[in-house]
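# Geometric and topological summary
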Amino acid sequence: MFEILLRGISVVLLLFLPGAWIAFSRLLRNVDIWDRFGVSFALSIPMSCAQYLTLAYAGMGTGTIPWAILTINLGSIWFIMRSWQWVPLQNYRLIIPSTLVLPLIVLVVHANAPYVYQWSHTFLHADLIYALIENPTAPEEWQLAGLGTGYPWFGHLQRVLLGQVLDQSPINAYLWINPAMAFGFGVLSILVVRSVGGGPVAMLLAPILAALSTNPIGVLGRAISSSLWNGAERYHHFIGDARYDATGLKFLFLNTNQLGLILMLAMLLTILRSATNSSPKTAIPLWILLLVGIGLVYPLYLPAAATFLGAAGIMWVLDQTQTMKSRLKNVSLLYASVLLGTACTYFLVTAQTNDRVAGAGIELHVPGQIWRHGVAAATGLLIPVAAWVFALMNRGIMPREQLTFLTLAAFAAGSMAVLLHVPNFRNEYKYVMVASLCGLPFVALWSEYLWRKSKRPWALGALLLLIVAGGFATAYPRTRMYEPPFQVTFSGEDQRLTDAEGLGDALAVIRDRTEPGTPTLVAATPLHITPFTRRPIYILYDDDTYLTGLGMKTGYLLQDVKGFDPALLTSRQNRLDAFFNSEVSRDREQAYSLIRSELGEPFTVLSDNVHQPALLSWMDSRGAELLHAGQRYSVWYLE
């Protein structure tokens, strides 16, 4: 019990202290204790990742690094105490519990969906986390042994750090980490709304609105139309993209998108605060730190973060308290810093993925797609847009500079969602969530107006009912997912598979009896095996298959998402097919020689005794070591 308590306290400290070096420095000397804690929570994400990477480069073992980071960051408590100036948060007894809404939603959904490990891209991210545990400075691509990963991995270091402190596997640890991240998201949403003058009602509703106000009309429209008409999905652009149905649902899954959203909220907070009480001398360094952090943790949001700072520059131009010369000087310095920060971040991100041959490939949509994406974005942002119209009609509701900034930032993010095409299954949808965060202050202030001044509190009730119903309609079906034909149990940083055909026993042998980093050759399996073996595989066997936990076709994942050379993928798949399925011994021998030469090290083979009987006799003739002989699956070790 004491150990569990110690690990829990350690996680809480690691969620706040790494960013406190900056948040409680002179860069935020003009903001109160609450804003500092919010910014500290957000900055702790990239700061802890950078500290982990630095200690790894210094040669420290991955088992020691988490506790070294915790020890080092205890020193930031001195910064906190030196800057401590207690400012009561108005009606905090009512507001603080509202930050628990999203974490409770996450916990309830997880508790009622015992097979969450198969959701979304869980195994995809687990692969990367395990690869980082083995080599934090140059992780191997576990789905393509011998190559560096093609997926940006800096933000995953935070999950490595917290998972090691909890002594849990990535697939189990995120069930506890995500509610904590959701709590921080709710706190930052309250602080953003407070920064524009939001009162108790606006702040109370901020976490709910931030989590659920994206596309509730589309969610309900989809649920109703699909139940009445089978062809409704053909007109999906009228009901928005299901992937941004409630921004808060990103906290249900293992991903780094939620980390990017938290950092974007922190940037919103600091920019809105700068409209009233920050100088360029302190604001610009802080913003560039956030810009670089966002670009490293979640590169897709780097363009949106840069447009935020572009809008902040326009906000400075409108500041009548300074001379025009001073304003232009500050804006020029800001824009030059943004260009430099963006260029440096781009270089660092590309350096993470040396073996990737495909670029990001962001391009303009064709005209026929623009109008569809425009309709979808308008549906998803209908409530924030309505609240923005209300703010324009009541301009005294917030300072002009803040209104201008939020309008420009939301418009820029929405325009990127409509005009840009981001490969890998239309990833531009994520900019709708960014635009929704920009609209959060408008929706919160509108809600407070409906409650306090309109004499129509029922209107606020109807709005909240719509938002909550949309969130429920998209969250509830996830608790009804089918039961897979296998069970997963967790033990420390590992998970073990139990199934009727003995696959789990074979995977346990690979994990327990081979050296870390030993590649595995495997043909068709009912699920992705690397989270259970903690060993890389030569290549995913079939490029037209959806494997549990990957969330996309395997060929699409390696070629389009991770950007590997199609010729390399085809070559490896042909060799793997010949090795497992060829009826000609010479072809199998040639495939083995090519694979052995390519990998340059011994490897294991997971064979299917039913579908590959010829392989068994070949293995025996080669003198391969039989590590496991099951009724369905066997494991061999080839020197």
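Structure's up top.
Residues numbered from 1 in each chain as written. Predicted model: local features only at pLDDT ≥ 70, side-chain atom pairs only at ≥ 80, totals over all residues. Heavy atoms only, no water.

### So, the overall build of the protein
Put simply, the rule reads: The helix and strand labels rest on DSSP assignments: H or I over at least four residues marks a helix, E over at least two residues marks a strand, and numbering proceeds from the N terminus. Restricting the calculation to C-alpha atoms gives the radius of gyration, and the globule rule supplies 2.2 Å times the number of residues raised to the power 0.38. Note on definitions: a residue-residue contact is assigned when non-hydrogen atoms from the two residues lie within 4.5 Å. Working definition of accessibility: Shrake-Rupley area with a 1.4 Å probe, residue cover restricted to the visible protein chains. Charge assignment in this entry is limited to Lys and Arg as positive and Asp and Glu as negative, and neither His nor the chain termini are counted. Every charge is mapped onto a representative atom, which is NZ of Lys, CZ of Arg, CG of Asp or CD of Glu.
Along the protein, the regular secondary structure elements total 26 helices and 8 strands. Scaling as 2.2 N^0.38, a compact globule of 639 residues should have a C-alpha radius of gyration of about 26 Å, and the protein matches this with 26 Å. Counting only C-alpha atoms, the protein reaches 85 × 60 × 50 Å along its principal axes. For the protein, long-range pairs separated by at least 24 residues make up 73% of all intrachain contacts whose partners lie at least 6 apart in sequence. Surface exposure of the protein reaches about 26,000 Å², of which carbon and sulfur atoms provide 63%. Positive and negative side-chain charges in the protein, numbering 43 and 40 respectively, have mean positions lying 17 Å apart.

### A few points about the sheet that holds strand E8 (residues 633-638)
Sheet strands associate in pairs through backbone hydrogen bonding, adopting either a parallel or an antiparallel arrangement. Put simply, the rule reads: If DSSP finds at least two bridges between two strands, the strands pair. Interaxial angle, 0 to 180 degrees, is taken between N-to-C directions of lines fitted to C-alpha atoms, where a helix line uses only the stretch in contact.
On the basis of which strands lie adjacent, the open sheet formed by 4 strands has the order E5-E6-E8-E7 and mixed pairing. If you trace the sheet from one side to the other, it starts and ends with strand E5 (520-522) and strand E7 (625-629), each paired once. For this sheet, the mean angle separating the axes of adjacent strands, direction not counted, is 20°. In terms of strand pairing, E5 meets strand E6 (residues 603-608) through 3 bridges, oriented parallel. Residue pairing across strands places valine 522 opposite leucine 606, the latter belonging to E6. Here helix H25 (residues 585-599) sits on the sheet and contacts E5, E6 and E8; the angle it forms with E6, its principal contact strand, is near 140°. The sheet contacts of helix H26 (residues 613-622) involve E6 and E8, and relative to E8 the element is tilted by about 30°.

### Digging into unusual backbone geometry
Basically, it comes down to this: Here's how the labels work: a residue is buried when its accessible area is under 20% of the maximum for its type, exposed when over 50%, partly exposed in between, all with a 1.4 Å probe on protein chains only.
At aspartate 167, a position not held by glycine, the phi torsion is positive, near 60°. Within the element layout of this structure, aspartate 167 appears in the loop between helix H8 (156-166) and helix H9 (170-195). In the Ramachandran plot, arginine 534 falls in the positive-phi region, its phi being about 55° despite a non-glycine side chain. Position of arginine 534 relative to the elements: it lies in the loop between helix H22 (530-533) and helix H23 (554-561). The exposure class assigned to arginine 534 is buried, which follows from its relative accessible area of 12%.

### Quick word on a nonpolar patch on the surface
Just so we agree on the cut-off: Patch definition: residues above 30% relative accessible area lacking any salt bridge, with like charges linked at up to 9 Å and the nonpolar side chains Val, Leu, Ile, Met, Phe, Trp and Tyr linked at up to 5 Å. One side-chain nitrogen of Lys or Arg within 4 Å of one carboxyl oxygen of Asp or Glu is enough to make a salt bridge.
Taken together, the side chains of Leu74, Ile77, Met81 and Trp84 make up a nonpolar region of the molecular surface, amounting to roughly 380 Å² of accessible area. Checked against the element boundaries, isoleucine 77 lands in helix H4 (residues 76-82). Judged by relative accessible area, which is 34%, isoleucine 77 ranks as partly exposed.

### Quick word on the packing of helix H1 (residues 2-23) against H8
Axis angle and axis distance: for two packed helices, these are the angle between their axes and the distance between the axes, and together they describe the pair. We apply this condition: For this classification, under 35 degrees means roughly parallel, over 145 means roughly antiparallel, 65 to 115 means roughly perpendicular, and everything else is oblique. For a crossing to be left-handed, the near helix must be turned anticlockwise from the far one by less than a right angle; the clockwise case is right-handed. Any residue that is not Ala, Val, Leu, Ile, Met, Phe, Trp, Tyr, Cys, Pro, Asp, Glu, Lys or Arg is counted as polar, Gly included; the first ten are nonpolar and the last four charged.
It is at 8 Å that the axes of H1 and H8 come closest, and there the two elements cross at 160°. Put simply, H1 runs roughly antiparallel to H8. Note on packing geometry: the crossing formed by H1 with H8 is right-handed. Counting all contacts with H1, which are made through Arg7, Ser10, Val11, Leu14 and Leu15, the residues of H8 involved are Gln158, Leu161, Leu162, Gln164, Val165 and Leu166. Looking at the contact of H1 with H8 residue by residue, the class counts come to 7 nonpolar, 3 polar and 1 charged.

### Thoughts on the environment of alanine 145
One can find alanine 145 in the loop between helix H7 (122-134) and H8. Among the residues examined, alanine 145 registers a relative accessible area of 1% and is labelled buried. For alanine 145 and proline 399, which are 254 residues apart along the polypeptide, the C-alpha to C-alpha distance reads 55 Å. Once residues lying within four places of it in the same chain are set aside, the contact partners of alanine 145 are Glu140, Pro519, Pro536, Ile537, Tyr538, Arg572 and Leu599.

### Examining helix H15 (residues 324-352)
So the rule is basically this: To estimate how far a helix should extend, the number of its residues minus one is multiplied by 1.5 Å.
Here H15 is 29 residues long and its end C-alpha atoms lie 42 Å apart, about the 42 Å a rise of 1.5 Å per residue gives. Where H15 is concerned, the buried positions are Arg327, Asn330, Val331, Leu334, Ser337, Val338, Gly341, Thr345, Val349 and Gln352.

### Some words on the packing of aromatic side chains
Condition: Ring geometry is summarised as follows: Phe, Tyr and Trp rings, the Trp one being its six-membered ring, pair when their centres sit within 6.5 Å, and such pairs are stacked at plane angles under 30 degrees, edge-to-face over 60 and tilted between the two. Whether a charge sits over a ring depends on NZ of Lys or CZ of Arg being within 6 Å of the ring centre and within 35 degrees of the ring normal.
In the structure shown here, the tally under the stated rule is 17 aromatic pairs. Consider the rings of tyrosine 298 and tyrosine 301, whose centres lie 4.9 Å apart with planes at 50°: the pair is tilted. Assessed through its relative accessible area of 8%, tyrosine 298 is described here as buried. The buried category is assigned to tyrosine 301, whose relative accessible area is 0%. Taking the centre distance of 5.4 Å and the plane angle of 90° together, the rings of phenylalanine 579 and phenylalanine 580 count as edge-to-face. Assigned by exposure class, phenylalanine 579 and phenylalanine 580 land together as buried. Ring pairing ties together the aromatic residues Phe579, Phe580, Tyr592, Phe603 and Trp618, which thus form one cluster. The ring of phenylalanine 79 is capped by arginine 82, whose NZ or CZ atom sits 5.2 Å from the centre of that ring.

### Let's talk about helix H2 (residues 33-57)
Which entries qualify depends on this criterion: Two axes are fitted around each residue, one to the seven residues ending there and one to the seven starting there, and the angle between them is reported as the bend at that residue. The definition of a polar contact used here is a pair of N or O atoms within 3.5 Å, where within protein one atom must be able to donate a hydrogen and the other to accept one, and adjacent residues in sequence count solely through side-chain atom pairs.
With 25 residues, H2 ought to run about 36 Å at 1.5 Å a step, and its terminal C-alpha atoms sit 34 Å apart, in line with that. Of all bends in H2, the biggest is about 40°, found at serine 44, and the proline proline 46 comes one to four residues later. The opening residue of H2, the one whose side-chain oxygen lies 3.0 Å from the backbone nitrogen of tryptophan 34, is aspartate 32.

### Digging into the nonpolar core
The criterion, for reference: Nonpolar cores were defined as sets of buried Ala, Val, Leu, Ile, Met, Phe, Trp, Tyr and Cys residues, with membership established by side-chain atoms within 4.5 Å.
In this structure, Phe308, Phe405, Leu521, Phe579, Val605 and Leu606 are the most contacted members of the largest nonpolar core, which totals 210 residues. At 14 residues, helix H19 (residues 430-452) tops the list of elements feeding residues into this core. Residues contacting phenylalanine 579, with those up to four places away along its chain left out, are Leu521, Arg588, Ala591, Tyr592, Ile595, Val605, Leu615, Trp618, Met619 and Leu638.

### Remarks on the side chain of asparagine 215
Mapped onto the fold, asparagine 215 is located in the loop between helix H10 (200-212) and helix H11 (216-228). Setting aside its immediate chain neighbours within four residues, asparagine 215 contacts Arg222, Ile239, Gly240, Asp241, Tyr244, Asp245, Thr379 and Gly380.

### Observations concerning the pairing of strand E3 (residues 486-491)
Relative to strand E4 (residues 494-499), E3 runs antiparallel, the two being bridged by 6 bridges. Its bridge partner lying in E4, phenylalanine 486 is registered against aspartate 499. The turn linking E3 back onto E4 is made up of 2 residues, and glycine 492 within it adopts a positive phi angle of 60°.

### Things to note about the pattern of salt bridges
The tally for this structure, following the rule as stated, stands at 13 salt bridges. A salt bridge links aspartate 32 to arginine 194; the nearest nitrogen and oxygen atoms lie 2.9 Å apart. One end of the pair, aspartate 32, is in the loop between H1 and H2; the other, arginine 194, is in helix H9, and 162 residues separate them in sequence. You'll find aspartate 32 and arginine 194 in the same group, each marked buried. Several salt bridges converge on common partners, so that one network encompasses Asp32, Asp35, Arg194 and Arg273.

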